Amino acid sequence: MISLSAPVLGEQEKEALCHVLESGWLTMGENVEAFESTFANLHNAADGVAVSSCTSGLHLSLAALGVGPGDEVLVPSLTFVATVNAVLYVGATPVFVDIESEVLPHISISDAMSKCTSRTKAVIIMHFAGYLVDLAAWRAFADEEGIFLIEDAAHAPGVTGSNGHSDVAVYSFFSNKNMTTAEGGMVLARDISVLGRIRRLRSHGMTAATLDRERGHGHSYDVTDLGYNYRMDELRAAVGLVQLRSIERWNTRRRELSTYYRNELAKRLPDVIVPFDSDYNTAAHLFPTLLPEAVQRARTMKILLKAGIQSSIHYPPVHRFSYYCGRFPNVSLPETDSFCSRELSLPLHPSLEKSDVDRVVAVLKSAI
Ligand SMILES: *Cc1c(COP(=O)(O)O)cnc(C)c1O
């Protein structure tokens, strides 16, 4: 079986887990602190806040920026549903924005501009498939409109260029992402007071963390906000620290395999469109393709699966899910609809060999 994605896990992760168990300190301790600072350093940030998931990180980010009822947040529909759910968690209204085009499936600045109102408070961009959106352009847009810029960076850990321009960037360590802690996420913010607020909201809005109390820094605490329990535990952080050592190497391997796919497809299946330019800055989280219009996608996926090859669709657009259709009818996103009806993601992970890519391309060619 050639799987769509696969985490890389080994002896070092096992050892790290055993160390935590032997230490007897299971959550919010030195591993979490080290994971936060090491991850932040890698992304040119002073500090980070580790959380239970990217979803909870997005929720906390919106809450910490004061986004709430009556506010509108610009969002892509070509994303995982969590991006948009987070907007609803804080009682704000998501406003769906189309993608630029089928070869540039990023949230469109011109469409975003046309959808700004006096109620627009923030925009959430998403680095689709790991390909970085033009953050400098989005920063200029956000400043012009006087709104917050939030990055759903679930697809783009360990690549230079994410973070830096945005108010908040949120990463995911779910099992199928470029690095994993099984479940988990990280928040970076350029304003340390926003990051401090996110840190408090992560743990019930309390003013003192468990570890600080244990260290004897204050025996009591106040609760200054309505917070949550979105903490990360020591086991996950210890695994994350090990994974961080390899993330850049894994991303490089993902890019090499993507380039190989791109070249092979151009040679053997020129009708299959591969989005983005070959020199795009990317963490190469996914390898998305667009099938020719006449090709039946479901049948193609079945043929691939019969040959032992997993494939997937990124994504069924959020505005088409029945929950969202019901709440937000009459959303029209022609570019997103067209892209999502033809998109097929092929296997991509660091353990893949070029011979695997050859097989995928060969089976895809015969299926088409
Ligand atoms: C995976 C993913 C999320 C959610 O991440 P979790 O850590 O599972 O909460 C959010 N946005 C995008 C784009 C994702 O791919």
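Parameters at a glance
Residues numbered from 1 in each chain as written. Predicted model: local features only at pLDDT ≥ 70, side-chain atom pairs only at ≥ 80, totals over all residues. Heavy atoms only, no water. Phe/Tyr/Trp six-rings, centres within 6.5 Å; stacked < 30°, edge-to-face > 60°. Helix = DSSP H or I, 4+ residues; strand = E, 2+ residues; numbered from the N terminus. Buried < 20%, exposed > 50% of the residue type's maximum accessible area, 1.4 Å probe, protein only. Core = buried A, V, L, I, M, F, W, Y, C linked by side-chain atoms within 4.5 Å. Contact = heavy atoms within 4.5 Å.

Caption draft 1: Quick look at the packing of aromatic side chains. Applying the stated rule across the entire model yields 16 aromatic pairs. Residues F35 and F173 carry aromatic rings whose centres are separated by 5.3 Å and whose planes lie at 50° to one another, so their mutual orientation is tilted. Of this pair, F35 sits in helix α2 (residues 30–42) while F173 is found in the loop between β6 (168–172) and β7 (185–189), placing the two residues 138 residues apart along the sequence. Like F35, the residue F173 is buried in the burial classification. Ring pairing ties together the aromatic residues F35, F39, Y171 and F173, which thus form one cluster.

Caption draft 2: Geometry of the nonpolar core. L62, V67, V73, V168 and I198 are the most contacted members of the largest nonpolar core, which has 36 residues in total. Elements supplying a minimum of two residues to this core: β1 (49–51), α3 (54–64), β2 (72–76), α4 (82–89), β4 (120–126), β6, β7 and α7 (192–202). When residues in this core are grouped by element, the largest group, six residues, is from α3. Not counting residues up to four positions away in its chain, the partners in contact with L62 are V67, V73, A86, V87, V90, I124 and I150. With 23 residues, the next largest nonpolar core counts F287, L291, I309 and L364 among its residues.

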